[in-house]
Protein chains: 2
Amino acid sequence: MKKPKILITNDDSIHAPGIRKLISIMRQIGDVIVMAPDSPQSGMGHAITVATPLRIKQIAKEIGYEEYSCNGTPVDCVKIAEKAVLHGKPDLIVSGINHGSNASVNVIYSGTIAAAIEGCIEGVNSIGFSLDDYSWDADFSHVDEYIKKITLEVLDKGLPKDTCLNVNIPALNKSPIKGIMVCRQAKACWDEAFEARKDPHDRDYYWLTGVFHSDDLAEDTDQWALKNNFIAIVPLHFDLTAHHNLKTLSEYDWKI
Amino acid sequence: MKKPKILITNDDSIHAPGIRKLISIMRQIGDVIVMAPDSPQSGMGHAITVATPLRIKQIAKEIGYEEYSCNGTPVDCVKIAEKAVLHGKPDLIVSGINHGSNASVNVIYSGTIAAAIEGCIEGVNSIGFSLDDYSWDADFSHVDEYIKKITLEVLDKGLPKDTCLNVNIPALNKSPIKGIMVCRQAKACWDEAFEARKDPHDRDYYWLTGVFHSDDLAEDTDQWALKNNFIAIVPLHFDLTAHHNLKTLSEYDWKI
């Protein structure tokens, strides 16, 4: 059987331990091409680079494995890998493993998940993987069998049209992972603050800080799954239309 | 009656004619605070700035009007305006007027629309306005009454929970605008290419280019509306869960 061609990217940069773990797992499954940002791109959402040129750098090339870095965003990485290196589409795009949860509303800000959504827009089966541990030296030793299982299942069955997966894995702790749960994105938001400081020239500047806040305590969400030591799989789509509100809004008075 | 407090931002930068037009309309309706990027942020999607400090610069301050620029993204502008200037939430957030359509899949890449979605996440009534004309000297002379009408209707009735509006206005042409249509986001994608060049030091670089491509010819979409000279209003939400696929995916074999 022909090996699947797997494109890997992330937003923590090509130097992140998370992508190294993902590469090691994917090389057991298929032929791998890595195109990842040359510097951290966390919080870049679905940003693309339109005003500056992109550069790519080949880091490794051997049979079944190619690795490149790029000065763009995660979404740029997907696009340029397909157009300038693969000259076609891979069989699968995997993004991550993100250092930190992309559950709930984090999905909107995440470059890692945006790369998977980009794949989905282009009709490629795509999965974003994240670990619920923000630290650079997070322990990824418990993730292998789960990521392999999810990947093989997606390669085997495919994904529904216009759908990709947002997979969040609990941080390593004393209890074993209880299983894999398909669930919805929890409703939540960040309660931000800006810490004001003075630079050495007495000019103000601000650092964004924030506290994650959720009132959504239902048991069918990714937040609940993570909290209860399940791996959360949320199917994502890219139609932002609030279909359930089309009727209400069409009854507003829009006549000039 | 107390005037509504209206926060204005965009992604084409504080210098863009589109935001100037939006400011002039909103000043007829309420007290206005502008916080807009100091340089173009097109294609920034829902990016936020996490690794570098933000700075803001006061440009104008008079009764009922304050204007600031910020070195961050459109979403940063919303957050920092609320936290560092308003110290609370405005009654309305309007973003734009974008130079260029944000209909269909463009909504995902747009910094202008991301600012409206950010407002929506925070529970503020929010509207993104775009003109279907990319040029810097686009003619905005036909938009006033429509933007005023939509804004007043939203201020009067409010928006459904967790919903904001993506409003796209046809470019000025010989035919009059036929009306306002509430519709869904058309399915489409960009067919990209990367133009490869050599820099003066003989190193490769790439420019992203692309052609918009849609097979979705139904008559209930924003693309159809624009093409037929209607203003398109798409209600947006920020729950990316593909709810219609939860059942199918939960029937995959996820057992380890």
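Look up a bit, the structure's there.
Every residue gets a number counted from 1 within its own chain, in the order that chain's sequence is written. As a convention, the first chain written is A and the first ligand written is 1, with the rest following in written order. Owing to the predicted nature of the model, reporting of local features is limited to residues with pLDDT of at least 70; listing and counting of side-chain atom pairs is limited to 80 or more, with chain, interface and lining totals taken over all residues.

## Quick word on the packing of helix α2 (residues 74-86) of chain A against helix α4 (residues 111-121) of chain A
All names here are of chain A.
- Between the N-to-C directions of two axes lies an angle of 0 to 180 degrees, each axis being a line fitted to C-alpha atoms and, for a helix, fitted only over the stretch in contact. Secondary structure elements are taken from DSSP: a helix is a run of H or I of four residues or more, a strand is a run of E of two residues or more, and numbering for both begins at the N terminus. Direction vectors running N to C along α2 and α4 enclose 35 degrees, while the axes themselves pass 7 Å from each other. Between α2 and α4 lies a crossing of right-handed hand. Where α2 abuts α4, its residues Pro74, Val75, Cys77 and Val78 lie against Gly111, Thr112, Ala114, Ala115, Glu118 and Gly119.
- Charged means Asp, Glu, Lys or Arg here, nonpolar means Ala, Val, Leu, Ile, Met, Phe, Trp, Tyr, Cys or Pro, and polar covers whatever is left, Gly included. Broken down by class, the residue content of the contact of α2 with α4 amounts to six nonpolar, three polar and one charged. When the near helix sits turned anticlockwise from the far one by under a right angle, the crossing is termed left-handed; a clockwise turn instead gives a right-handed crossing. It is the C-beta atoms, placed from the backbone, that decide contacts: two residues are in contact if theirs lie within 7 Å.

## Considering unusual backbone geometry
Residue and element names in this part refer to chain A.
- The omega torsion across Gly96 and Ile97 is -10 degrees, close enough to zero to call that bond cis.
- Mapped onto the secondary structure, Ile97 falls in strand β5 (residues 92-99).
- Even without being glycine, Asp202 reaches a positive phi, approximately 65 degrees.
- Here Asp202 lies in the loop between β9 (189-198) and β10 (204-213).

## Side note on the pairing of strand β7 (residues 164-169) of chain B
Residues and elements named next belong to chain B.
- Put simply, a residue is buried when 20 or more other C-beta atoms lie within 10 Å of its own C-beta and exposed when 12 or fewer do; between those, it is partly exposed, and each C-beta is set from the backbone. Counting buried positions along β7 yields six of six residues, so the element is predominantly enclosed.
- Taking every second residue as pointing to the same face, both faces of β7 are buried, with Cys164, Asn166 and Asn168 on one and Leu165, Val167 and Ile169 on the other.
- Here, any two strands with at least 2 DSSP bridges between them count as paired. In this sheet, β7 lies alongside strand β6 (residues 126-131) in parallel orientation, the contact comprising five bridges. Residue Phe129 lies in a different strand from β7, and its bridge partner there is Val167.
- Orient the strands so they point away from the viewer; a crossover is then right-handed if the path from the first strand over the helix to the second runs clockwise. The parallel pair β6 and β7 is bridged by helix α5 (residues 144-157), and the resulting crossover is left-handed.

## Remarks on the interface of chain A and chain B
- Each partner contributes residues to the interface: chain A has 65 residues there, and chain B has 65 residues.
- The residue inventory of the side of chain A that touches chain B, partitioned by class, reads 40 nonpolar, 13 polar and twelve charged.

## Let's talk about the sheet that holds strand β3 (residues 56-62) of chain A
All names here are of chain A.
- The strand order across the open sheet formed by nine strands is β3-β4-β2-β1-β5-β6-β7-β11-β8, and the pairing between neighbours is mixed. Since the sheet does not close on itself, it has two edges, and those belong to β3 and β8 (179-182), each with one partner. Ignoring which end each strand starts from, the neighbouring axes of this sheet average 20 degrees apart.
- Across five bridges, β5 lies against strand β6 (residues 126-131) in parallel orientation. Bridge pairing in β6 places Val94 opposite Ile127.
- Packing against the sheet, helix α1 (residues 17-26) makes contact with β1 (5-9), β2 (31-37), β5 and β6, and its axis sits at approximately 145 degrees to β5.
- Lying on the sheet, α2 is in contact with β1, β2, β3, β4 (65-70) and β5; it crosses β2 at an angle near 135 degrees.

## Here we look at α5 of chain B
All names here are of chain B.
- Taking 1.5 Å per residue as the helical rise, α5 with its 14 residues ought to reach 20 Å, and the 20 Å between its terminal C-alpha atoms agrees with that figure.
- Buried residues of α5: Ile147, Ile150, Thr151 and Val154, and no others. Buried residues of α5, viewed axially, fall in a sector of 95 degrees; they line one side. For α5, exposure combined with an orientation more than 90 degrees from the buried face picks out Glu145 and Asp156.
- Structurally, α5 contributes buried residues whose contacts are with α1 (17-26), β5 (92-99), β6 and β7.
- Backbone geometry just after α5 places Gly158 at a positive phi near 75 degrees. Helices are assigned an expected span. That span is 1.5 Å times one less than the residue count. Directions drawn from the helix axis to the C-beta atoms are what define this arc.

## Looking at the relation of the copies chain A and chain B
- Residues below a pLDDT of 70 in either copy are left out; the C-alpha atoms of the rest, at least 70 in both, set the least-squares superposition of the copies. Of the transformation placing chain A onto chain B, the axial shift is 0.0 Å and the rotation is 180 degrees, giving an RMSD of 0.0 Å. In symmetry terms, the pair is related by a two-fold rotation axis.

## Overview of helix α2 (residues 74-86) of chain B
All names here are of chain B.
- Its axis deflected by about 35 degrees at Ile80, α2 carries its strongest bend there.
- Among all positions of α2, only Pro74, Val75, Asp76, Cys77, Val78, Lys79, Ile80, Ala81 and Glu82 are buried.
- His87, located one to two residues past α2, shows a positive phi value of around 50 degrees. Note that the bend at a residue is defined as the angle between axes fitted to the seven residues ending at it and the seven residues starting at it.

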